[in-house]
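# Secondary and tertiary structure notes
What follows is each chain in one-letter form.
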4 protein chains.
Amino acid sequence: MPVPDPILYPPFNILRLSHVEYRVTDLARSRAFYVDTLGLQVTHEEPGALYLRAMEERGHHCIVLRQADRADIGVLGFKLFDEPDLDKAEAFFKSKGLPTEWVERPFMGRTLRTRDPWGIPLEFYVKMDRLPVITQKYALYRGVKPLRIDHFNMFSSDVDGAVAFYNEIGFRTTEYTEDDETGKVWAAWMHRKGGVHDVAFTNGRGPRLHHTAFWVPNPLNIIDLLDLMATTGWVGNIERGPGRHGISNAFFLYVRDPDGHRIEIYCSDYQTVDPDLEPIRWDLKDPQRQTLWGAPAPRSWFEEGSTFEGADMAESALKAQPIIAP
Amino acid sequence: MPVPDPILYPPFNILRLSHVEYRVTDLARSRAFYVDTLGLQVTHEEPGALYLRAMEERGHHCIVLRQADRADIGVLGFKLFDEPDLDKAEAFFKSKGLPTEWVERPFMGRTLRTRDPWGIPLEFYVKMDRLPVITQKYALYRGVKPLRIDHFNMFSSDVDGAVAFYNEIGFRTTEYTEDDETGKVWAAWMHRKGGVHDVAFTNGRGPRLHHTAFWVPNPLNIIDLLDLMATTGWVGNIERGPGRHGISNAFFLYVRDPDGHRIEIYCSDYQTVDPDLEPIRWDLKDPQRQTLWGAPAPRSWFEEGSTFEGADMAESALKAQPIIAP
Amino acid sequence: MPVPDPILYPPFNILRLSHVEYRVTDLARSRAFYVDTLGLQVTHEEPGALYLRAMEERGHHCIVLRQADRADIGVLGFKLFDEPDLDKAEAFFKSKGLPTEWVERPFMGRTLRTRDPWGIPLEFYVKMDRLPVITQKYALYRGVKPLRIDHFNMFSSDVDGAVAFYNEIGFRTTEYTEDDETGKVWAAWMHRKGGVHDVAFTNGRGPRLHHTAFWVPNPLNIIDLLDLMATTGWVGNIERGPGRHGISNAFFLYVRDPDGHRIEIYCSDYQTVDPDLEPIRWDLKDPQRQTLWGAPAPRSWFEEGSTFEGADMAESALKAQPIIAP
Amino acid sequence: MPVPDPILYPPFNILRLSHVEYRVTDLARSRAFYVDTLGLQVTHEEPGALYLRAMEERGHHCIVLRQADRADIGVLGFKLFDEPDLDKAEAFFKSKGLPTEWVERPFMGRTLRTRDPWGIPLEFYVKMDRLPVITQKYALYRGVKPLRIDHFNMFSSDVDGAVAFYNEIGFRTTEYTEDDETGKVWAAWMHRKGGVHDVAFTNGRGPRLHHTAFWVPNPLNIIDLLDLMATTGWVGNIERGPGRHGISNAFFLYVRDPDGHRIEIYCSDYQTVDPDLEPIRWDLKDPQRQTLWGAPAPRSWFEEGSTFEGADMAESALKAQPIIAP
């Protein structure tokens, strides 16, 4: 990968990923998974929708579960630094010929709705209702004790293009996989908030969401979740792990929700606030980039993902050999 | 399985498994594995042999590594309660027409050498040199922080026979796998010392040693070992795990030594001192008995094992479908 | 301490400690502590009494909470190996001039009620109702995830006498504290089931119960309990810890129930099944025997304990300097 | 505390705390503490000085140990975002009448040396030599497995003043302790890099450094360090903990180096990148702000700290009642 100069002064200031809307086909069953099993907290409930947050979050929600006929992804949300950043974001997306719209969102202030060049639905905002601190309400902790939303990972049929676009709006690459022979980037991890990633792109039939990740305190919480899922009827929803990624050094587990949406449980990556942090390059042929300990991922993990509402799936030139890293 | 009445009054009193002799083809390489990587402590070293103990053991050794032309198992050792038990053991094995011999063993008192009916070499003793306590010498802890030897697991071509024989010498079954259709026992876990097992027998081409297990403090020690092995050239020696066994409820990892001898790292089984503890039955078709969390074991784990020196491998009628549990 | 020869052949075979009856002044409040906070499971409930077990136990109960006017200890229970051991126990206690009585206990078979020479109420039995296995019912795990009852620790005004008596009935000393100057034993830890102790005696105004201990999987469960108690109104019931004992090497926490009965949460001691295990001697002046890491225990921990129903408190010659180890 | 508006646009952009120079009286002994016991990595060694980094850091050093006649603090270092920020920083400190100087530092680019209004020696830079990634060189991990420097905590005789000054240069308050009766701020935690703090100020005789903190993976690493220190001659250097702070929610341990410089080992605080994150207020009379679990800190922890080279200690009006939070 031609490592880009650090993107020091982007056109608008994205703080971090913020939330995702999952469209689900059986809201009660999804609630059993996200609330009773993973341990997310319900912050609002209405017919057809459920709003959830993780234990250390003070923003109103990080997941919206919405009853739908078809299970796909409604939108990926990002929080911006300050109000002027919203207007700069609108100008930027307009300048690219991308659709922009100011939309009303419950519990949120001014919200800009748009799509990236591949059709991924995005929304940007500055203000979301702030809720009381529950970090130390230990009686509420359940399941895997999720602390915060950590990142989105997407299949892309044009990883080079995605990296260039998200670089342009300020995401800095921390790690990437490159094909030694072709020099082509197969996957990249990019951050705003100071961890390994807020977003990652992986070569594959896209655009699709590969997974949303949640941060937990330590590997034993992941073991607790495995024990719980294995003995409460969810054993078939455990897809991969536990293990350590070479890329990001994170301890991980992948589970699938009742509609197949994939959730990663994740801990122990590293701090990346330095703008001169050198991206770590992994060779496509190095199996330890995916699992440091050597165990292979199942086929489903390489092939399956969630489509985005309203986005056409591109036909990837590379689709015959989907190669994904964490 | 026709669950036998608890074996309350065996012919002689076996306290616990004690030690194993591994015959290895490259002693220096084996040392790098057992000492530098797993973290066992060297208690005696001589040309061609290395004696090791784990951190809370006070007996002189739990493993003897002996340089040999062929990698196999020299003997499995068991500690008896009191001197008269040695003579009772001799009488018992003689009464079965099995070979008995009083042998000299360095660092050990009177030692009875024999074989079980399938040729597995066994030795029994009461006294072994006692070494200073190092449990709290935390500067010595390395690798996976092995605390003590925990059990032997063997392939047997006659599990029913093995269970009956080891029952007769006082081992009590804690868990077993049975074929619903035939009522045949496929595997059994049997203890003396109050944990889930000192020995286990599993249907397969036998007699072979499937693995020796070491007890460690908690799952994070196993994660530490995985990280260490994965980044010091041993990634190819990680075979299976980490995971939770349904049977025994233990958190496990299987690794292979440089000759392919399999070592299990193990924690968190349960106390079994009650003689009226009901054996837990698992159905052969229940995949969670092997891995509670559902991930399959690799083929090598079902098929490969260490032969015993001097024991003919029986041809098992069941060998076409080796089915092993932890 | 003149270390006694290992007590190989006691007059009757005690398997392990089994249960304790706590007399409490507010059963609902005690339930909030033991069930909702510590996480013990209710196995039977009736007006004025609650029966509880820990997660890996199959016997009906390890604690009986009984509504009473005064908070004290009803009885300490021990499980014997086989029916003839009950009769041998009766003969032994009778031979010492101690009171014996066959009593009816719900959920238990033949039960012998007696007292030790200092008046501590004891009961022995072989059969208790066996309950379904819940070890892997992970949805039931709560609080500190207690796995099993581990030991009783008692204040004694005659530690030498107590050690001699409990040696005589088969308890083997694993560690002890001795006064260098006087050669007097200040405290001793003694086991039957293969861990550091089933019972311990500590110099102090006795007989009183210092604490009952429960075994948990690992130190993080203890940290979880601290977080939970600290934020649900129980912070004043946290008495000492977390820490590591020098003696026993265990990671510990001491909490007090609503009546002041002290519970230890405990993990990671070591296996002691060898009858030739050398007792570890600690000097009374070594502060690390109590807390390996050096932090002192609060005064309450040295002075307060639970009286036994019907036992006169002896006036200890040593009471001016109560010195307790874990 | 009159909570200030978020400081969105500071005069120059501080990324994070970066390094500290400890002046020590016995470099070999300090090496035994920081390198052999805590597990920091030596990156450069020269007569009279040692440079160290933690396991995930790529900058050349986070600690410089310098042989000196007197044990104090040479300087606190901070990394800025970009070269122009260095010039803006110079202008800012000059405008306040504070001393500025461009100094040569080995392994570092342009470096601005200055002092805060109370005399605390500070240095700012953008470039420091970048070293190879060792995050996954698990064979190098030792001691407490320190991952990165986390924060500085200082005694201040003018906390209100310190908060106002550090707010002005962009630090945002995450938590603070206030005296209900007087409305006076007794302590404040302030960050730049997205955790609970890069710097904290605590009422006391100042300016002095209370401690420097290092981030570790999880609480079990802290327990490992306690066991190691307790059994290798460092038990007297364990000062406080382990415990959970109410403030910051972090799991902590405080140890003292051979000169008495205090080091905090720390994990599990929370993410604070939102500029609208509401500071959490603690009442000075709430004992759980310091230790969630209720155990008091020792007197030394409230009173002792490291002086800064060249800074006069102010006489605090409040010094009669030093009240410190983590």
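Residues numbered from 1 in each chain as written. Chains lettered and ligands numbered in written order. Predicted model: local features only at pLDDT ≥ 70, side-chain atom pairs only at ≥ 80, totals over all residues.

Tallying the contact residues gives 14 residues for chain C and 14 residues for chain D. Those elements giving two or more residues to the side of chain C that touches chain D turn out to be α4 (219-230) and β14 (238-244) of chain C. When residues in the side of chain C that touches chain D are grouped by element, the largest group, six residues, is from α4(C). (Contact = placed C-beta atoms within 7 Å. Helix = DSSP H or I, 4+ residues; strand = E, 2+ residues; numbered from the N terminus.)

Under the fitted operation, chain C is carried onto chain D by 0.0 Å of movement along the axis and a turn of 180°, and the coordinates agree to an RMSD of 0.0 Å. Both copies of the chain, as the preceding transformation shows, are related through a two-fold rotation axis. Most of the interface of chain C is mirrored in chain D, where 100% of its interface residues again form contacts. (Least-squares fit on C-alpha atoms with pLDDT ≥ 70 in both.)

Turning our eyes to something else, we now look at the domain arrangement of chain A. Residue and element names in this part refer to chain A. Structurally, chain A comprises domain 1 (14-131) and domain 2 (144-307). Taken together, the elements giving at least two residues each to the side of domain 1 that touches domain 2 come down to β1 (14-24), α1 (27-37) and β5 (73-80). Ranked by residues supplied to the side of domain 1 that touches domain 2, first place goes to β1 with eight residues. Along the lines of polarity and charge, the residues of the side of domain 1 that touches domain 2 split into 20 nonpolar, six polar and seven charged. (Domains from an automatic or database assignment. Nonpolar A, V, L, I, M, F, W, Y, C, P; charged D, E, K, R; others polar.)

Turning our eyes to something else, we now look at the relation of the copies chain A and chain D. Put simply, the two copies of the chain differ by a rotation about an axis and a shift along that axis. Overlay of chain A on chain D (RMSD 0.0 Å): rotation 180°, translation along the axis 0.0 Å. The overlap is high: 100% of the interface residues of chain A also sit at the interface in chain D, so the same surface is used on both sides.

What follows concerns the sheet that holds strand β5 (residues 73-80) of chain D. Residues and elements named next belong to chain D. The strand order β2-β3-β4-β1-β5-β8-β7-β6 describes an open sheet built from eight strands, whose pairing is mixed. The open sheet has two free edges, formed respectively by β2 (41-46) and β6 (100-103), since each of these has just one partner strand. Averaged over all pairs of adjacent strands, the angle between strand axes in this sheet comes to 25°, irrespective of strand direction. Packing against the sheet, helix α1 (residues 27-37) makes contact with β1 (14-24), β2, β3 (49-53) and β4 (63-67), and its axis sits at approximately 160° to β4. Packing of helix α2 (residues 83-95) onto the sheet brings it into contact with β5, β6, β7 (111-115) and β8 (121-125), and relative to β7 it is tilted by some 20°. (Pairing = 2+ DSSP bridges. Axes fitted to C-alpha atoms, helices over the stretch in contact; angles between N-to-C directions.)

So, about the confidence of the model for chain A. In the predicted model, chain A carries a mean pLDDT of 93, and the fraction of residues at 70 or more is 94%. For this predicted complex, the interface score ipTM comes out at 0.94, alongside a pTM of 0.96. (pLDDT = per-residue confidence, 0-100.)

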